[in-house]
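# Structure assessment
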Amino acid sequence: MSPQPQAAVGAPLSRVDGRLKVTGKAPYAAEHDVDGAVHAVIVDAGIGRGRITGIDTRAAEAQQGVLKVIHHRNAPKLPYRDNSGSNNPEGRRLRVFQDDEIRFHGQPVAVVVATTLETAQHGASLVKVRYGAEQPSTDLTKAEPDEPTRYARGDAEAALGTAAVRLDLTYRTARNHHNPMEPHATIARWNGDKLTVWDKTQWVVGTQTELAAVFGLETDAVRVISPFVGGGFGTALRCWPHVVVAALAARETKRPVKLVLTRKQMYLGTGFRPSYEYRLRLGGDRRGRLTAAVHELDAETSSYEKFTESILAAGQMLYSMPNVSQRYRTVPLDLPTPLYMRGPGFQTASFVIESAMDELAHELGVDPIELRRRNEPAEDESNGLPFSTRRLRECYTVGAREFGWHRRNPKPRSTRDGDWLIGRGMAAGVYDTARAPAQARARLDADGTALVDAAATDMGPGTYTSQTQVAADALGLTMRTVTFRLGDSLYPPTPPHGGSMTMASVGSAVLDACNQVRRQAVKLAVEDRRSPLYGVPADDVVVRNGRLHVKSSPARGETYQRLLARNDRTHLEAGGSFAPPSGPERHSFYGYNATFAEVAVDATLGLVRVRRVLGVYDAGRIISPKLADSQAIGGMVGGIGTALLEHTVTDHRDGRIVNPNLADYLVPVNADVPDLKAIYLDGEDRAADPLGVKGLGELVMIGVAPAIANAVFNATGRRIRELPITAEALL
């Protein structure tokens, strides 16, 4: 059929749900009005490892309004059946209130349910727990690692031995917590053997599957509702123990239960970016051609689950080199389980690789951009596949021009502004183009409006808006006549809202569903003798503003309303789907960026201030430029936080997190981010998905931290190989 006119896709439109959010009418997890809801407060473990030897709940239970105190001694044994296909594919998880073992500081040991929040909080403070404490293991550098994951091509050790230039560098990155504005919250209600939860989640289907597994239910006996998510960054990608606690408390008290975590509790069991110790040995010739790299990295995981992320990929494919060796070890610690955080794996790898590339460029006296150009691969050397698109060279060119890279003096400490040392740095970034099976449903009503739904979520990037744009153009309707619904497990299933896969996956399913509905309408019209379009080849018909017409003769046509009314149709409906092609991939799919940063460093105090950041992105087709800018600015802010501020501190004596709040765990504020700019290369990637998108949410954060670190070196001459970069490190 003729291509549909594109009026919405590519336009800088405001969020369709913006008014709801700014007027406070968008209901977040804790704000749903569920009749009869009571309140639950979790009691956290006060040791980092050991066992519960006694628990006294009498004082709490004596409080007027306390309904029940649940703990391992009175909680029912839950089935915890195999949950293959849920958001914990190994089938292992923390089984709350099922035994007396303490695996990390802050683990839930009891929950107090009461008629008011204040009563539940007071009751929780009265629960006395006795422990048999053991010394926890929480130091990455002093624990025994798991067996490593390895990758190799060529002979990296031999090539390093003969390399004309060699670097041996060790980097350390701090643990980072997600810290979205909305805390985790769950409301749970039972109706017989059916469970409904209103939850902060980035994957309603995964939470549905996990709860069904824990309570031994059929999947369709659990409904998960999450229409709005107040930020996530990955923390809501799995069903955490507090969700199970809320559901258990609701079943035991036979009342709907609301459970909201405190900010402190957000540090005690809802994931984090793990800390890494990462040694990189890099070899090359005097012309700057890389010949070998050896990556040896250790990362935190919990003692009861093994968490890994895609940290090896960038070192295998970002630059051309014949010899690569990688060893990736997780180190089990007495900590809660880490989880994916924006740019998972690639964010940490980019800091190491791009900092090392800058060091090599300085060693060789080569411009950092030129060094990267000299090592551009012709194909993905990790698998021999051609890149679907790779426009990193163009990112460098556009970025250098727009940033004014030619004004950078490569000599460290050579540029000043009064007491401030000025530095400029850059870094490349890469993130894989993830896609996963998704479904959607579209319905065109007789009044000419459309309803489209899918079980996706929206933690802030604008899913409501971008999916409405795709649907509006596919149906030939205006934005105001299309309603997109999400955040309910009753809707067609979708993958997690993470990994930058939502637009490619859910968007392609929405496109398919809406295309099918439009084709149904066109078929109805061209086969209807009473229609002005009767007998017209279907391929010649397009739809604009709800009116079907011949592409070459716009005057010949009719509206959806007239067509459906004449044919006594209340609506047209279709289910759409998307899945990546089965079988081996034919291309290597990635998005790319070049990030440029300018910093000022106080020559006396060592304070670092970011003056400006520019990102140039090869991210395929941009569905919504306005939303894309929001994503890019947010990613840059996150990168500034990683580079200069964010650091979760653990007291290794007892496993306690020292700074579980926004006063002591520092995140960027407006004063830290004065000038941020994003540029998107025109293009699309039709090999990846029908929309031609690559995904943007992760990519925009990757490369920011090393660009800042490289700018700090240019300003000061000091190489900082540990994040965050502090004033103390520069004094």
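Further up the page is the structure itself.
Residues numbered from 1 in each chain as written. Predicted model: local features only at pLDDT ≥ 70, side-chain atom pairs only at ≥ 80, totals over all residues. Heavy atoms only, no water.

## Some points on the overall build of the protein
- If you tally the helices and strands in the protein, you get 16 helices and 30 strands.
- Its C-alpha radius of gyration of 27 Å places the protein within 12% of the 27 Å reference for a compact globule of 731 residues.
- In the protein, the proportion of contacts linking residues at least 24 apart, taken out of those at least 6 apart, comes to 81%.
- For the protein, the exposed surface amounts to about 28000 Å²; the carbon and sulfur share of it is 48%.
- Treating the 88 positive side-chain charges of the protein as one cloud and the 83 negative ones as another, the clouds have centres 2 Å apart. (Helix = DSSP H or I, 4+ residues; strand = E, 2+ residues; numbered from the N terminus. Rg over C-alpha atoms; globule rule 2.2 N^0.38 Å. Contact = heavy atoms within 4.5 Å. Areas by Shrake-Rupley, 256 points an atom, 1.4 Å probe, with all protein chains shown as cover. Lys, Arg positive; Asp, Glu negative; His and termini not counted. Charge placed at Lys NZ, Arg CZ, Asp CG, Glu CD.)

## Observations regarding the pairing of strand 9 (residues 185–191)
- The buried fraction of strand 9 is high, at five of seven residues.
- Strand direction decides the pairing type here: strand 9 and strand 12 (residues 257–260), joined by four bridges, are antiparallel. Note on strand 12: the bridge partner recorded for Ala 185 is Val 260.
- In this sheet, strand 10 (residues 194–199) lies alongside strand 9 in antiparallel orientation, the contact comprising six bridges. From the neighbouring strand, Ile 187 faces strand 10, where its bridge partner is Trp 198.
- In sequence, strand 9 turns back onto strand 10 through a hairpin of two residues, with Gly 192 there showing a positive phi of about 70°. (Buried < 20%, exposed > 50% of the residue type's maximum accessible area, 1.4 Å probe, protein only. Pairing = 2+ DSSP bridges.)

## Some points on the pattern of salt bridges
- Applying the stated criterion to the full structure yields 46 salt bridges.
- For Arg 612, the salt bridge goes to Glu 598, with nearest N and O atoms at 3.1 Å. Taken together, the residues span a long stretch of sequence, with Arg 612 in strand 26 (residues 608–618) and Glu 598 in strand 25 (residues 590–602) at a distance of 14 residues.
- Through salt bridges that share partners, Glu 157, Asp 168, Arg 279, Arg 281 and Glu 296 make up one connected network. (Salt bridge = Lys/Arg side-chain N within 4 Å of Asp/Glu carboxyl O.)

## Some details on the side chain of Thr 270
- Here Thr 270 shows up in the loop between strand 12 and strand 13 (276–284).
- Among the polar contacts made by the side chain of Thr 270, one reaches the main-chain carbonyl oxygen of Met 266 at a distance of 2.8 Å.
- For Thr 270, the contacting residues outside a window of four places in its chain are His 178, His 184, Thr 235, Trp 240, His 242 and Leu 261. (Polar contact = N/O pair within 3.5 Å; in protein donor to acceptor, adjacent residues only side chain to side chain.)

## Points about the packing of helix 14 (residues 625–644) against helix 15 (residues 704–716)
- Look at helix 14 against helix 15: their axes get within 8 Å of each other, and the N-to-C directions meet at 55°. The angle between helix 14 and helix 15 places the two elements in the oblique class. Considering only the axes of helix 14 and helix 15, their crossing is right-handed. Between helix 14 and helix 15, the contacting residues are Gly 635, Met 636, Gly 639, Ile 640, Thr 642, Ala 643 and Leu 644 on the first element and Val 704, Ala 705 and Ile 708 on the second.
- Each residue belonging to the contact of helix 14 with helix 15 can be placed in one class, and the counts come to seven nonpolar, three polar and no charged. (Axes fitted to C-alpha atoms, helices over the stretch in contact; angles between N-to-C directions. Parallel < 35°, antiparallel > 145°, perpendicular 65-115°, else oblique. Left-handed = near helix turned anticlockwise from the far one by under 90°. Nonpolar A, V, L, I, M, F, W, Y, C, P; charged D, E, K, R; others polar.)

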